[in-house]
Protein chains: 2
Amino acid sequence: MKRTKIIDILQSKDYGTEVTVCGWVRTHRSSKAVDFIALNDGSTIKNVQVVVDPEKVDAELLKQVTTGACVKATGILVESPAQGQASEVQCQSLELLGACGADYPMQKKGQTFEYMRQHAHMRLRTNTFGAVMRIRHNMAMAIHTYFHEHGFYYFHTPLITASDCEGAGNMFQVTTKNLYDLKKDEQGKIIYDDDFFGEQTSLTVSGQLEGELGATALGAIYTFGPTFRAENSNTPRHLAEFWMIEPEIAFLDQEELMDLEEDFIKYCVRWALDNCKDDLEFLNKMIDKTLIERLEGVLKDSFVRLPYTEGINILQEAIKNGKKFEFPCNWGDDLASEHERYLVEEHFKKPVIMTDYPRAFKSFYMKQNQDTADGGSVGYKGAVAPGPTMQGTDVLFPQIGEIIGGSVREESYEKLMGEIERRQMDQTHLWWYIDTRRFGTCPHAGFGLGFERLILFVTGMQNIRDVIPFPRTPKSAEF
Amino acid sequence: MKRTKIIDILQSKDYGTEVTVCGWVRTHRSSKAVDFIALNDGSTIKNVQVVVDPEKVDAELLKQVTTGACVKATGILVESPAQGQASEVQCQSLELLGACGADYPMQKKGQTFEYMRQHAHMRLRTNTFGAVMRIRHNMAMAIHTYFHEHGFYYFHTPLITASDCEGAGNMFQVTTKNLYDLKKDEQGKIIYDDDFFGEQTSLTVSGQLEGELGATALGAIYTFGPTFRAENSNTPRHLAEFWMIEPEIAFLDQEELMDLEEDFIKYCVRWALDNCKDDLEFLNKMIDKTLIERLEGVLKDSFVRLPYTEGINILQEAIKNGKKFEFPCNWGDDLASEHERYLVEEHFKKPVIMTDYPRAFKSFYMKQNQDTADGGSVGYKGAVAPGPTMQGTDVLFPQIGEIIGGSVREESYEKLMGEIERRQMDQTHLWWYIDTRRFGTCPHAGFGLGFERLILFVTGMQNIRDVIPFPRTPKSAEF
């Protein structure tokens, strides 16, 4: 059933040739002399206008050409007299592929996003969700292309894991055990030797530790896969199942890591501006009128590179000058979104890469800065901090706050083990990770990007449930 | 720590310039006058030779430059006098980044693949697994590029699901329930209202049904994500966690689907031949001496398009002529790998796309061929079958057997519902799928490709556990 995609029809100048288009009816306007059918096939946000002479088409058929119906139209491509569209199709034959009842959930315009979520199987046919999904595709393609062109290898880390990466959030248990007949030992403890993997397993919260195995062999890898958090967070920022990108690179230092983070995220934003023009213009008009301006803003300047300690000083200074924050921000506190946004949106007015965080709230695997005799430490460009710090390098964005969380990794076996012991971590499932520091250890670094966070930023959408086709959230695994 | 990747060093002709290389020592040969260090950084299968004057380097340091150690060498790029390598580095300064103890698991050459699997965290540093992983990356990139260039959108279907796609294999249960205190009803049945999603959930066995939602909105989508089977199959062909690619396309008929399958898989194989030359040559030499010939063979001819009924006739004819098969192959039987390979490797000597399978062993969602009055059916190009058939279109490959499983989907609401009822399927979790046939239904088709099957074919590796970084199999979730 040869047909031309609407995206190609609208770019074609072959006026006078016969074309066949298929798609779903967005609107159907009738008059005595002529019918206008706006048809969309998902290839672009734009519709093609099919102009029908009602005399030439069966009246019963034409009645069934309602919003949501699927039709196939063959006709002549002509230059459109209407404003804002280059070409249209003068219909010669019309076929109804699929009628659409009046109970079509996307019948009415202007439904709420909550209504859309309840009909997530059909919301994909709307302009907004079509635009979001095409941009989502483009961001994935930008990511793969960026890493491929820079010599990174796509590395599939496992989803089912017997390790707990960093104890981040609660985990989903994965099991084939018969829950009606759980094998237990004498103390009543559940035994897992009859479970599928012979031990207790969960869904991963991060592929980073396995990613480090890849980087210390292949040089530079990236993961791009689903990640899970069983946190009972019913917020517009949390999903139980989301996609994450985690590049990891051997022989990279702190400065180069920040270069990479900045170059990578700018590449993605530039890709959106270059390749998703129609969809971005729609979202800029309908969802967020500052969207395109914000995207262009990210590309304009170099990101600020700011040690945490300096960031705290700026925030303290702001408080002195009358700025009110909900949460405290003394040295040693993890920054809240309000602090990050103050630095990015008000103080610097551009993205910030924050470095050298206090050890207390960062992960065990991060590279430790040199301690000083008085209990402080020396970090990026010799900046001194009043306590022990680690080479974390998080990228803070306007509106979103933290979009990338990165760090140089601690490559010293002694220092890493010291930290593992200081934190009294269970080493049972870490032996293979520790081995990388025993056998030819090397300086390396990496970062993590929550894919949906990126899509929120690039689309201007407000709720993370609206940038993934079928969100998984507490009490909701429909579709 | 600016350094040049070895892949770039080996292509450079800037002889006389100073370069810095980092990598892991593959071999270190010493003599009185000169030391040769073969260094690999994972960017290519090839090593760079670092030539060291032992007089100029600390003897204790040089002793630590053992297999597996990580070093940084700065020196002058020179044209190599040795055969088979264009350039080498005349070392001026050498730094040991990470020593490597004698207990390094990849110390010895020629270890078994089973040994390698037990040390999967270190096997990535070997030539074979480096080659496999770089090819794996390239195949992923080929897939994304192919679909992007053909107007498909990458579509993320959920992994945690409350539906059972096609009852394929056993599923892994996903839960946050406290297994020590399971809530039950009066009949002793476990209640899931307190589980994370408020109902029983599992890991998906296919994203196809959700993919159809995408295709009937965006026109053409593809999935590329992890998929799960809790089958207790300890074979070289099964993984509990594997990656699958599932494109789905609106307005595509059976012939066009076969065109797509053939074009797509040839594109991937061509990409490997064009972009993975060094790695393929290594595997062709060390793993499978017919590998490159077999890859080129796939590109040579058009695939055979063969109705199942004709395939059965050919197999029956072969049996008459003395061919012995282990399993029966009468009309209505699902073909075994031996039958598929006979058709591909012996009869046609090229890949086969088999079509129009008996309804009995194909899935409910496949498009039904026109039944005839005598209980038969009419399929591809008018071929007549003795029983009801469906428009399945599987691609059969040499050595591998089925590499792609595809079909046109049944777009008729009445026929689909008839099949769901005939099979007495539970419709509770299918309402959203059925809705696609109620609201603007359209002809559509798609296929599934097991990513690791493709990697097996393209690398010549024999065991599926050796083409994924960290395989998940019964009793094994290590790393």
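Coordinates for the structure precede this section.
Quick notes on the rules
- Residues numbered from 1 in each chain as written.
- Chains lettered and ligands numbered in written order.
- Predicted model: local features only at pLDDT ≥ 70, side-chain atom pairs only at ≥ 80, totals over all residues.
- Heavy atoms only, no water.
- Core = buried A, V, L, I, M, F, W, Y, C linked by side-chain atoms within 4.5 Å.
- Buried < 20%, exposed > 50% of the residue type's maximum accessible area, 1.4 Å probe, protein only.
- Contact = heavy atoms within 4.5 Å.
- Buried area = accessible area lost by both parts, 1.4 Å probe.
- Salt bridge = Lys/Arg side-chain N within 4 Å of Asp/Glu carboxyl O.
- Polar contact = N/O pair within 3.5 Å; in protein donor to acceptor, adjacent residues only side chain to side chain.
- Helix = DSSP H or I, 4+ residues; strand = E, 2+ residues; numbered from the N terminus.
- Nonpolar A, V, L, I, M, F, W, Y, C, P; charged D, E, K, R; others polar.
- Pairing = 2+ DSSP bridges.
- Axes fitted to C-alpha atoms, helices over the stretch in contact; angles between N-to-C directions.
- Least-squares fit on C-alpha atoms with pLDDT ≥ 70 in both.
- Lys, Arg positive; Asp, Glu negative; His and termini not counted.
- Phe/Tyr/Trp six-rings, centres within 6.5 Å; stacked < 30°, edge-to-face > 60°.
- Lys NZ or Arg CZ within 6 Å of the ring centre and 35° of its normal.
- Arc of directions from axis to C-beta.

Trainee: I keep staring at the nonpolar core and nothing clicks. Help me out?
Mentor: Counting residues in hydrophobic clusters, the biggest one holds 198 residues, and the most contacted among them are Met139 of chain A together with Met139 of chain B. When sequence neighbours within four positions are dropped, the list of residues in contact with Met139 of chain A reads Cys268, Trp271, Ala272, Phe451, Leu454, Ile455 and Val458 of chain A.

Trainee: Sorry if this is basic, but what is going on with the interface of chain B and chain A here?
Mentor: Where interface size is given, it is often the accessible area lost as the parts come together that is meant. Contact residues are listed per partner, giving 121 residues for chain B and 122 residues for chain A. Note on chain B versus chain A: buried area summed over both sides is about 9,700 Å², and carbon and sulfur give 64% of it. At the boundary of chain B with chain A, the tally comes to four salt bridges. For the salt bridge of Lys2 of chain A with Glu256 of chain B, the shortest nitrogen-to-oxygen distance reads 3.8 Å. At the boundary of chain B with chain A, the tally comes to 41 residue pairs in polar contact (both at pLDDT 80 or more). In terms of residues, the side of chain B that touches chain A owes the most to one element, helix H5 (residues 127-149) of chain B, which gives 11 residues. In terms of residue class, the side of chain B that touches chain A is built from 61 nonpolar, 36 polar and 24 charged. Two strands pair when backbone bridges link them, and strand E8 (residues 173-175) of chain A and strand E8 (residues 173-175) of chain B are joined in this way by three bridges, in the antiparallel orientation.

Trainee: Got a minute to help me understand the sheet that holds strand E5 (residues 87-98) of chain B in this structure?
Mentor: The pairing of strands in a sheet comes from backbone hydrogen bonds and takes either a parallel or an antiparallel form. All names here are of chain B. With mixed pairing, five strands are arranged side by side around a closed barrel as E1-E2-E3-E5-E4. Direction aside, neighbouring strands of the sheet carry axes that sit 55 degrees apart on average. Relative to E5, strand E3 (residues 48-52) runs parallel, the two being bridged by three bridges. If you follow Val50 over to E5, its bridge partner there is Val89.

Trainee: I keep staring at the relation of the copies chain B and chain A and nothing clicks. Help me out?
Mentor: You can overlay chain B on chain A at an RMSD of 0.0 Å; the transform is a turn of 180 degrees with a shift of 0.0 Å along its axis. Such values leave the two copies arranged in the relation of a two-fold axis. Residue Val174 of chain B of chain B places its C-alpha closer to the rotation axis than any other residue of that unit, at 2.4 Å. The residues that chain B uses at the interface reappear at the interface of chain A in 100% of cases, marking a shared surface.

Trainee: I keep staring at the side chain of Arg125 of chain B and nothing clicks. Help me out?
Mentor: Examined against the element boundaries, Arg125 of chain B turns out to sit in the loop between helix H4 (120-123) and H5. For the buried Arg125 of chain B, no salt bridge exists, and the shortest N-O distance to an oppositely charged side chain is 8.9 Å, to Asp435 of chain A. Beyond its immediate chain neighbours, meaning those up to four positions away, Arg125 of chain B contacts Thr216, Ala217, Thr436, Phe439 and Gly440 of chain A together with Trp24, Arg26, Gly68 and Tyr104 of chain B.

Trainee: Where do I start with the packing of aromatic side chains in this structure?
Mentor: Aromatic ring pairs are described here by two measures, namely the spacing of the ring centres and the angle between the planes. Under the defined criterion, the tally for this structure stands at 66 aromatic pairs over all chains. Look at Phe439 of chain A and Tyr104 of chain B: their rings are 5.6 Å apart centre to centre, the planes differ by 50 degrees, and that puts the pair in the tilted class. Here Phe439 of chain A is found in the loop between helix H13 (431-438) and strand E19 (444-450), whereas its partner Tyr104 of chain B is found in the loop between E5 and helix H3 (113-118) on a different chain. A single burial state applies to Phe439 of chain A and to Tyr104 of chain B, both of which are buried. Through a chain of ring-to-ring contacts, three or more aromatic side chains come together here, namely Tyr146, Phe147, Phe152, Tyr154, Tyr222, Phe264, Tyr267, Trp271 and Phe447 of chain A together with Phe224, Trp243 and Phe451 of chain B. Over the ring of Tyr192 of chain A we find Lys177 of chain A; its NZ or CZ atom is 5.2 Å from the centre of that ring.

Trainee: I tried to follow helix H9 (residues 291-300) of chain A on my own but got confused; where do I start?
Mentor: Residues and elements named next belong to chain A. Buried residues of H9: Leu291, Ile292, Arg294, Leu295 and Val298, and no others. Along H9, the residues classed as buried sweep out an arc of 165 degrees about the axis, all on the same side. Facing away from the buried side of H9 by more than 90 degrees, the exposed set consists of Glu293 and Lys300. The inward-facing, buried residues of H9 contact helix H7 (254-275), helix H8 (277-286), strand E17 (389-397) and helix H14 (451-459).

Trainee: Help me understand the sheet that holds strand E14 (residues 370-371) of chain A in this model?
Mentor: On the basis of which strands lie adjacent, the open sheet formed by three strands has the order E14-E15-E16 (chain A) and antiparallel pairing. In this open sheet, the two edge strands, each paired with only one partner strand, are E14 and strand E16 (384-385) of chain A.

These results come straight from atomic positions and should not be treated as a statement about function.
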